[in-house]
Amino acid sequence: MKPEYIKNILKQLDMLDKPILPIDTDSANADQEAHKQIGEDPDLAKWIRYEKGHLNYINKTPGSTWNRSVASYIYLAVLADVYIGNPVDQLSLWIARMRYSLGIKNSYVLTEKKGDNWVSFIDDETYLVLYDSSKLATPWMP
């Protein structure tokens, strides 16, 4: 995700000055360039909070490893004030489903541009798209 996309969403919610906790479900395949761009953005960098060892892993510090429980990140994502996820990541969709079923709003996984803003198009009328395999291209769903 580009920093401008993240800032656009957080600014709309008046959350641009709150801690940001980037998560990856697969640290071995973390998008290092995306983390670097976010970490270098002047508006986001000061609010980013990484788990101990994560930044060393992203920066490829020799000998660094990044061991953590994916379950802890799932809990964090489900209960966050705002969740911005990747629409092609199955875990992001799963988190969005859990958040919606719990009545937690501010889930930005499936978004669309309206004017100058990115908005979630999941609401009480469109939430079933989270389960529609023809729209999500998820072959494992019936």
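Preceding block: the structure.
Criteria and cut-off values
Residues numbered from 1 in each chain as written. Predicted model: local features only at pLDDT ≥ 70, side-chain atom pairs only at ≥ 80, totals over all residues. Heavy atoms only, no water. Helix = DSSP H or I, 4+ residues; strand = E, 2+ residues; numbered from the N terminus. Buried < 20%, exposed > 50% of the residue type's maximum accessible area, 1.4 Å probe, protein only. Contact = heavy atoms within 4.5 Å. Areas by Shrake-Rupley, 256 points an atom, 1.4 Å probe, with all protein chains shown as cover. Pairing = 2+ DSSP bridges. Core = buried A, V, L, I, M, F, W, Y, C linked by side-chain atoms within 4.5 Å.

## A look at the overall build of the protein chain
Item 1. Counting secondary structure elements, the protein chain contains six helices and four strands.
Item 2. Taken from the N to the C terminus, the helices and strands of the protein chain come in the order α-α-α-α-β-α-β-β-β-α.
Item 3. A burial count over the protein chain gives 37% of its 142 residues as buried.
Item 4. Long-range contacts, defined as pairs at least 24 residues apart, comprise 54% of the intrachain contacts of the protein chain with a sequence gap of at least 6.
Item 5. For the protein chain, the exposed surface amounts to about 8,700 Å²; the carbon and sulfur share of it is 54%.

## Some remarks on the pairing of strand β3 (residues 111-114)
Item 1. Looking at chain direction, β3 and strand β4 (residues 117-120) are connected through four bridges and run antiparallel. Bridge pairing in β4 places Glu112 opposite Val119.
Item 2. Counting the residues that bridge the hairpin from β3 to β4 gives two residues, and of these Gly115 lies at a positive phi of roughly 65°.

## Remarks on the nonpolar core
One broad rule of soluble globular proteins: the nonpolar side chains tend to lie buried together.
Item 1. Counting 14 residues, the largest nonpolar core has Tyr83, Leu93, Ile95, Val109, Leu110, Ile122 and Leu130 as its most contacted members.
Item 2. Elements with a minimum of two residues in this core: α4 (70-79) and α5 (90-101).
Item 3. If you look at the next biggest cluster of nonpolar residues, it comprises 13 residues, including Ile9, Ile38, Ile48 and Tyr108.

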